[in-house]
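Here are the chains, one letter per residue:
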Amino acid sequence: MDERIRQGYHKIYSELYLIIFVLAATSVIVNVTFFNKNITQMWLEYIILVGSPIYRLARIRMLGIADSPAAGWNKVFAVRLFTAVALFVVIGCITVYFRDEMMDIRMILRFSIPFVVLFLLVAVGTKKLQESWKRQQEKKYEDENGI
């Protein structure tokens, strides 16, 4: 298979991955907001949302892929992380208000603070893990080229 065609397939698959991931997240939001479902009733979306990043991380490690971060990447990472957390909190508040017709701040905080802390720990941990893999790979190639 021609390399250009192979790269085209990879681009299509990566776009499909992103589409499925966004649809699963949207499904969770709609089911919780409008149909009052809990996470035990949405096991397929849960598997997609939790399993696909884990699968992606495992495959990155298996294939030895370590993409060098672009200039300003840390700033972009921080902005995206802040935006995701803020969006989650706002959607959660709106959902609780429209579903229960009142806003209990304590309940929202009890749910959102542990989620936000875990989300941030996983995001930063994954970033640090990938940076560590990148350093290991660079060291390996420096050793090979130095011999």
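Refer to the structure above for everything that follows.
Residues numbered from 1 in each chain as written. Predicted model: local features only at pLDDT ≥ 70, side-chain atom pairs only at ≥ 80, totals over all residues. Heavy atoms only, no water.

**Overview of helix α2 (residues 43-63)**
Thought 1: The first and last C-alpha atoms of α2 sit 29 Å apart over 21 residues, in line with the 30 Å expected at 1.5 Å per residue.
Thought 2: Within α2, the axis deviates most sharply at glycine 51, by approximately 30°, and proline proline 53 lies no more than four positions further along.
Thought 3: Those residues of α2 lying buried are Glu45, Ser52 and Ile60.
Thought 4: Two residues or fewer after α2 comes glycine 64, characterised by a positive phi angle close to 70°. (Helix = DSSP H or I, 4+ residues; strand = E, 2+ residues; numbered from the N terminus. Expected span 1.5 Å × (residues − 1). Bend = angle between axes of the 7 residues up to and from the residue. Buried < 20%, exposed > 50% of the residue type's maximum accessible area, 1.4 Å probe, protein only.)

**Quick word on the pattern of salt bridges**
Thought 1: Throughout the structure, instances matching the rule amount to 3 salt bridges.
Thought 2: One salt bridge in this structure joins glutamate 3 and arginine 6, with 3.8 Å as the shortest N-O distance. Linking glutamate 3 with arginine 6, this pair stays in helix α1 (residues 3-35), spanning 3 residues, or about one helical turn.
Thought 3: Between lysine 134 and glutamate 138 there is a salt bridge, with the nearest N and O atoms lying 3.5 Å from each other. On the criterion of helical spacing, the pair formed by lysine 134 and glutamate 138 is a turn pair, its members being 4 residues apart in helix α4 (residues 105-146).
Thought 4: On the accessibility criterion, glutamate 138 (39% relative accessible area) is partly exposed. (Salt bridge = Lys/Arg side-chain N within 4 Å of Asp/Glu carboxyl O.)

**Observations regarding the environment of asparagine 31**
Thought 1: Along the chain, asparagine 31 falls in helix α1.
Thought 2: The class of asparagine 31 is buried, set by a relative accessible area of 11%.
Thought 3: Taking the C-alpha atoms as reference points, asparagine 31 and glutamine 41, separated by 10 residues in sequence, lie 9.2 Å from one another.
Thought 4: For asparagine 31, the residues in contact, after removing those within four places along its chain, are Asn36, Lys37, Met42 and Glu45. (Contact = heavy atoms within 4.5 Å.)

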